[in-house]
Amino acid sequence: MEYKVIYEKNDCISANRCMGIHPELWDKDQDGKAILKKGNLNSQTKKYELAIQEKELPAYKESALICPVFVIDIVELESGKSILNIKPTKTPEKEDVPVLKAHYESRKEWAMDPKGFFTIKPFPEEQLIRARYYGEDYALKIVIEGKNAEEIYNTIVREKLVSTFQHAAYVGCELMKAEIAMKKNLSYVQDDPLP
Ligand code: SF4
């Protein structure tokens, strides 16, 4: 089967994820937006298009799924139907999969990670965030410092310093709050909402 990659360059926000994961498929334009290598501009739709074979599909699919603004789509060449269906255009009532109402009962839902815990603090003057990792004996084991949440949480996962989904999600949230606080010059207090 053949497919077509369709890329809406106008709506690209230069998040660089597609080219970060697949530099062989994407380039960076002077304005920071992604360029679909070998793609052609469709003058009617103003979107870039590229016909691809089945064996090329996984890499383009990964690029599309990692794009935070869903500007990369893949359709079947023959039918024109999207094989991704990731555009967040449907209202929840129209979703054809279950929709769960998110809720959080209370701190009682929290379970301590047997691996230990983190304290997180941004240092705006150095443009660094430091995550201090304490082991199950409450002793400080490692300090991880980085410029943003993404590089710190990936280091935490690589070093296997979390062992529960809940803890991993919590640390990711707190790191992102710390990054926003640092960039926007806001005060950051772990576990409190941003001002
Ligand atoms: S991931 Fe999406 S938004 Fe980011 S550069 Fe690629 S196309 Fe643009």
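Asks: What am I meant to see in the site of the ligand here?
Replies: Around the ligand sit 14 residues, and of these Cys-12, Ala-15, Asn-16, Cys-18 and Cys-67 come closest. It is helix H1 (residues 17-21) that contributes the most residues to the shell around the ligand, three residues altogether.

Asks: Can you help me understand the pattern of salt bridges in this one?
Replies: When the charged atoms of two side chains with opposite charge come close together, those side chains can pair. In total, this model carries nine salt bridges according to the counting rule given. Ionic pairing is found between Asp-137 and Lys-141, a salt bridge with its closest N-O pair at 3.0 Å. Under the relative-accessibility criterion, Asp-137 is labelled partly exposed at 45%. Taking the relative accessible area as the measure of exposure, Lys-141 reaches 45% and is therefore partly exposed.

Asks: I'm lost on the nonpolar core in this one. Help?
Replies: Grouped burial of nonpolar side chains is what soluble globular proteins tend to show. Judged by nonpolar contacts, the single largest core of 21 residues is most densely connected at Val-5, Tyr-7, Trp-26, Tyr-60 and Ile-72. Listed by contribution, the elements that provide at least two residues to this core are strand E1 (2-7), H1, strand E3 (34-36), strand E5 (47-53), helix H2 (57-66) and strand E6 (72-76). Of all the elements, H2 adds the most residues to this core, at four residues. Those residues within four positions of Trp-26 in sequence are excluded, and the remaining contacts are Tyr-7, Cys-18, Met-19, Ala-34, Ile-35, Leu-36, Lys-37, Ser-63 and Ile-72. In this structure, Ile-129, Ile-144, Leu-161 and Ala-178 belong to the second largest nonpolar core, which totals 18 residues.

Asks: What is the right way to look at the sheet that holds strand E9 (residues 140-146) in this model?
Replies: Strand-to-strand pairing in sheets goes through backbone hydrogen bonds, with the strands running parallel or antiparallel. Strand order across the open sheet formed by three strands is E7-E8-E9, with antiparallel pairing between neighbours. In this open sheet, the two edge strands, each paired with only one partner strand, are strand E7 (117-123) and E9. Between one strand axis and the next, the sheet turns through 20 degrees on average, direction left out of account. Pairing between strand E8 (residues 128-134) and E9: six bridges, direction antiparallel. Paired with Ala-131 across the strands is Ile-144, a residue of E9. Across the sheet, helix H3 (residues 149-158) touches E7, E8 and E9, and the angle it forms with E9 is around 145 degrees. Each of E7 and E8 touches helix H4 (residues 165-184); the most contacted strand, E7, lies at about 10 degrees to it.

Rules of the game
- Residues numbered from 1 in each chain as written.
- Predicted model: local features only at pLDDT ≥ 70, side-chain atom pairs only at ≥ 80, totals over all residues.
- Heavy atoms only, no water.
- Near = heavy atom within 4 Å.
- Helix = DSSP H or I, 4+ residues; strand = E, 2+ residues; numbered from the N terminus.
- Salt bridge = Lys/Arg side-chain N within 4 Å of Asp/Glu carboxyl O.
- Buried < 20%, exposed > 50% of the residue type's maximum accessible area, 1.4 Å probe, protein only.
- Core = buried A, V, L, I, M, F, W, Y, C linked by side-chain atoms within 4.5 Å.
- Contact = heavy atoms within 4.5 Å.
- Pairing = 2+ DSSP bridges.
- Axes fitted to C-alpha atoms, helices over the stretch in contact; angles between N-to-C directions.

Scope: geometric values only; no functional claims are made or implied.
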